[in-house]
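Survey of secondary and tertiary structure
Listed below are the residues making up each chain.
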Amino acid sequence: MLLLVLLAWPAYLLSWANGQISHVDALSGAPSTSGTTWLIAGSDRRSDGSDGGIVDPTTEGARTDSLLLVRRVNGQASIVSLPRDSAVTIPGKGLNKLNAAYSLGGPQLLVATVEQLTGTKVDHYVEVSMGAVTKIVDAVGGVELCSDLTVDDPKSGLTWSPGCHTVDGQTALAFSRMRYQDPKGDIGRAERQRQVIDKVVNTALSPSSALNPVTQRSLGKAVATSLLTDPDTGVTSLGLLAWNYRKAQSAGLTGAPPLSSLNYRDGVHGSMVQIDPAKAPGFWQAFRDGTLDPSLYYHPAG
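Residues numbered from 1 in each chain as written. Predicted model: local features only at pLDDT ≥ 70, side-chain atom pairs only at ≥ 80, totals over all residues. Heavy atoms only, no water.

**Structural notes on the overall build of the protein**
- The helix and strand tally for the protein stands at nine helices and 15 strands.
- By residue count, 49% of the 302 residues in the protein fall in the buried class.
- In the structure as shown, the protein presents an accessible area of about 13,800 Å², 56% of it carried by carbon and sulfur atoms. (Helix = DSSP H or I, 4+ residues; strand = E, 2+ residues; numbered from the N terminus. Buried < 20%, exposed > 50% of the residue type's maximum accessible area, 1.4 Å probe, protein only. Areas by Shrake-Rupley, 256 points an atom, 1.4 Å probe, with all protein chains shown as cover.)

**Focus on the packing of aromatic side chains**
- Throughout the structure, instances matching the rule amount to four aromatic pairs.
- Both rings, one in F283 and one in W284, keep their centres 5.0 Å apart while their planes meet at 80°; by these two values the pair is edge-to-face. Pair check on accessibility: F283 and W284 agree, each one buried.
- On the numbers, 5.5 Å between centres and 75° between planes, the contact of F283 with Y297 is edge-to-face. In this pair, F283 sits in helix α9 (residues 280-289) while Y297 sits in the segment after α9, placing the two residues 14 residues apart along the sequence. Of the two residues, F283 and Y297, neither departs from the other in class, the shared state being buried.
- Taken together, the ring pairs connect F283, W284, F287 and Y297 into an aromatic cluster.
- When the ring centre of F287 is taken as reference, the NZ or CZ atom of R71 above it lies at 5.9 Å.
- Sitting above the plane of the F175 ring, R192 keeps its charged end 5.8 Å from the centroid. (Phe/Tyr/Trp six-rings, centres within 6.5 Å; stacked < 30°, edge-to-face > 60°. Lys NZ or Arg CZ within 6 Å of the ring centre and 35° of its normal.)

**A few points about helix α4 (residues 169-177)**
- Counting buried positions along α4 gives seven out of nine residues, so the element sits mostly inside the fold.
- Taken together, the buried positions of α4 are G169, A172, L173, A174, F175, S176 and R177.

**Let's talk about the sheet that holds strand β1 (residues 22-23)**
- Strand order in this open sheet of seven strands is β1-β12-β7-β2-β3-β4-β13, and the pairing throughout is mixed. Two strands lie at the open edges of the sheet, namely β1 and β13 (254-255), each paired on one side alone.
- Note that strand β7 (residues 124-128) and strand β12 (residues 227-229) share three bridges and pair antiparallel. If you follow V128 over to β12, its bridge partner there is L227.
- Across the face of the sheet, α9 comes into contact with β3 (64-73) and β4 (76-81) while running at roughly 55° to β3. (Pairing = 2+ DSSP bridges. Contact = heavy atoms within 4.5 Å. Axes fitted to C-alpha atoms, helices over the stretch in contact; angles between N-to-C directions.)

**A closer look at the pairing of strand β8 (residues 143-147)**
- In β8, alternate side chains face the same way, and those of V143, L145 and S147 are buried while those of E144 and C146 on the opposite face are not.
- Two elements, β8 and strand β11 (residues 163-167), share five bridges in a ladder whose sense is antiparallel. Within β11, the residue paired with L145 across the bridge is H165.

**Looking at the pattern of salt bridges**
- With the rule as written, the count across this model stands at six salt bridges.
- Ionic pairing is found between R192 and D182, a salt bridge with its closest N-O pair at 2.4 Å. Taken as a pair, R192 in helix α5 (residues 185-205) and D182 in the loop between α4 and α5 lie far apart in primary sequence, 10 residues in all. Judged on exposure class, the residue R192 and its partner D182 are both buried.
- A single network of salt bridges, built from pairs that share partners, joins R84, D85, R179, D186 and R189. (Salt bridge = Lys/Arg side-chain N within 4 Å of Asp/Glu carboxyl O.)

**Overview of the confidence of the model for the protein**
- In this model, the protein carries an average pLDDT of 87, and 87% of its residues clear a pLDDT of 70 or more.
- Across residues 50-59 the pLDDT falls below 50, and counting only partners more than four positions away or on other chains, this stretch makes 22 contacts in the model. (pLDDT = per-residue confidence, 0-100.)

**Let's talk about helix α8 (residues 235-250)**
- Its 16 residues give α8 an end-to-end C-alpha distance of 23 Å, which sits within 8% of 22 Å, the value for a rise of 1.5 Å per residue.
- The set of residues buried in α8 consists of S237, L238, L241, A242, N244, Y245 and A248.
- G252 sits one or two positions beyond α8 and adopts a positive phi of about 75°. (Expected span 1.5 Å × (residues − 1).)

**Details of the environment of S34**
- On the secondary structure map, S34 appears in the loop between β1 and β2 (36-43).
- Residues S34 and T120, 86 residues apart in the sequence, show an inter-C-alpha distance of 8.9 Å.
- Among residues more than four places away in sequence, those in contact with S34 are R71 and V73.

Here it is as structure tokens:
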């Protein structure tokens, strides 16, 4: 009986969680590329606060506050943070900031824009709301986050003293959102967002969480009811995403693509981030082939 229960519980949890996930048509008809690529899009959509998100009736619609690509090919796992203000050509819309693709055409246009930029087919789309960050962090019992910054930022709600602190979901969300008091701006924010994901993944995959039925159920519910994915992305694919995220982090294969300017201007869209036109082709080729090296990522001068 015990063996039967041990076998039945994971099967039940997997089936139940898959039935709770909401889906959206996001993928394009682009030709397949080898390997598997996940696009994680963090939405800045406001809510009524009941989901753990941010209440702000003055902000309508949504853009993608954070964008990460996770790829596994030829045995290599890698992560690329795409700055939300990157100057890109959005199919059918022309030059604009990358995060505008979502507001102009939803997940499908965002996916098409990322595929055109990177030359890589997106196989799985995962949209994370602000409330999802709160619920998932709370489901694993909080996470330890570290920063050397001193912060008192009313825009994100983050108050922080230098060092490492164990935080709940609301503080982890503020930690992920804050950028105005970070001298590195969006680049620093992307680093903290990757740290939050890394700590959640490591905590969720630790024996104390992975073997605890209560934590399994709580985390499964938080993930399944908070994420929006393409129809073919379920719990199994999300598990593979977490595993490859962890592998990429441990190998140091994470960061932004090479950048040539953090204040590029075209006279229309304000300050944008320019992906280095000379280095980008080689970077994306290595990303596609599974031959990325940590030295190829963007490294700020000094």
